[in-house]
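# Residue-level structural notes
Now for the letters of each chain:
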Amino acid sequence: MGKVVAVVSGKGGVGKSTISAGLGRAISECGKRVLLVDCDAGLRCLDKLTGIAEKLVYDISDAIYGRCAVNEAIYEAEGYDGLYVLPAAADAFMGENSVTKEQLTPFINSLKNFYDYIILDSPAGIGTGFLSAVEPAESFLVVCNSDPVSAASANKVKSILEKMGKKDIRLVINRFNQEYFKKLKAMNDLDSVIDAAAIRLIGLVPEDPALISEFLKGGKVQSKSQTMMAFRRIASRIQGITVPFTLS
């Protein structure tokens, strides 16, 4: 039975979809079958980050509403054995494309026997899309950047998840730039970010525009950058393997 992980954030622009795509790659490199589910209707981007955008015919709404077989809406990512993508609907405003939590939860549950990990890329914020995405998940990665507003938003997301009875909530600090962080002086240190979010840290991901460019090109990512290594360390921790916290 596969494990369902929701990647969430309190505010937009923190790189949540990049975290989903990077973790999907890293976990699949371990020989696991991974399904990335884009839950951000109208703003989908996992198809672009996994090299399948030109192949798309069907999406999650087509599968849920019976306009296609489920396997027809699932695409294998370019260059990766065992990494699959279920794209969001391209249009968020049409009734026939809306997916409620009452629909999404049994749908995701029906896929758990076919994958080791299902990663749900939630819309930013705490609206209905967020509530739908977190409902079927057993564990949660709250993504924030190293600034006070982002950390406070992460804390709010954590509070909502806890009120929903959710557990196994971990923090990912993304787009970390040590030099910029020191110059900004908005927070004393990384411990201050973690304290403001009040979530146990699972990973620190450095900023790397070059790697994002590699993602957008599709295919196998050969990069041994610090960012890709950070994704691999988080992937290990998700699988219960203890690895050190480091940027090197």
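Residues numbered from 1 in each chain as written. Predicted model: local features only at pLDDT ≥ 70, side-chain atom pairs only at ≥ 80, totals over all residues. Heavy atoms only, no water.

This next bit is on the overall build of the protein. For the protein, the count of helices and strands is 10 helices and 8 strands. Relative to a compact globule of 248 residues, whose C-alpha radius of gyration would be 18 Å, the protein shows 17 Å and is just as compact. Projecting the C-alpha coordinates of the protein onto the three principal axes gives extents of approximately 55 × 40 × 30 Å. For the protein, the proportion of contacts with a sequence separation of at least 24, taken over those separated by at least 6, is 74%. In the protein, 29 positive and 28 negative side-chain charges are present, and the distance between their average locations comes to 6 Å. (Helix = DSSP H or I, 4+ residues; strand = E, 2+ residues; numbered from the N terminus. Rg over C-alpha atoms; globule rule 2.2 N^0.38 Å. Contact = heavy atoms within 4.5 Å. Lys, Arg positive; Asp, Glu negative; His and termini not counted. Charge placed at Lys NZ, Arg CZ, Asp CG, Glu CD.)

Leu35, Val37, Ile118 and Leu171 are the most contacted members of the largest nonpolar core, which totals 44 residues. Residue contributions to this core peak at 5 residues, all from helix 6 (residues 148-163). Residue contacts for Leu171: discarding those within four places in its chain leaves Val142, Cys144, Ala154, Ile194, Ala197, Ile199, Arg200, Leu201, Ile202 and Gly203. The next biggest cluster of nonpolar side chains, apart from the first, holds 35 residues, and it includes Tyr75, Leu83, Tyr117 and Val172. (Core = buried A, V, L, I, M, F, W, Y, C linked by side-chain atoms within 4.5 Å. Buried < 20%, exposed > 50% of the residue type's maximum accessible area, 1.4 Å probe, protein only.)

Between the first and last C-alpha of helix 10 (residues 226-238) there are 18 Å, a value that for 13 residues agrees with the 18 Å anticipated at 1.5 Å per step. Burial of helix 10 is extensive: 10 of the 13 residues sit out of reach of the surface. Buried within helix 10 we find Thr227, Met228, Ala230, Phe231, Arg233, Ile234, Ala235, Ser236, Arg237 and Ile238. Of the residues flanking the end of helix 10, it is Gly240, one or two places downstream, whose phi is positive at about 85°. (Expected span 1.5 Å × (residues − 1).)

Another aspect to go through is the side chain of Arg25. Mapped onto the elements of the fold, Arg25 is located in helix 1 (residues 16-28). Lacking a salt bridge, the buried Arg25 has Glu29 as its closest oppositely charged neighbour, with an N-O distance of 7.1 Å. (Salt bridge = Lys/Arg side-chain N within 4 Å of Asp/Glu carboxyl O.)

Glancing now at the sheet that holds strand 8 (residues 200-206). The strand order across the open sheet formed by 8 strands is 3-4-2-5-1-6-7-8, and the pairing between neighbours is mixed. Looking at the sheet topology across the chains shown, the edges are occupied by strand 3 (75-76) and strand 8. Sheet analysis places strand 1 (residues 3-8) next to strand 5 (residues 117-121), joined by 5 bridges and oriented parallel. Within strand 5, the position partnered with Val7 by the bridge is Asp121. Running at roughly 160° to strand 6 (residues 139-144), helix 6 makes contact with strand 1, strand 6 and strand 7 (169-176) of the sheet. (Pairing = 2+ DSSP bridges. Axes fitted to C-alpha atoms, helices over the stretch in contact; angles between N-to-C directions.)

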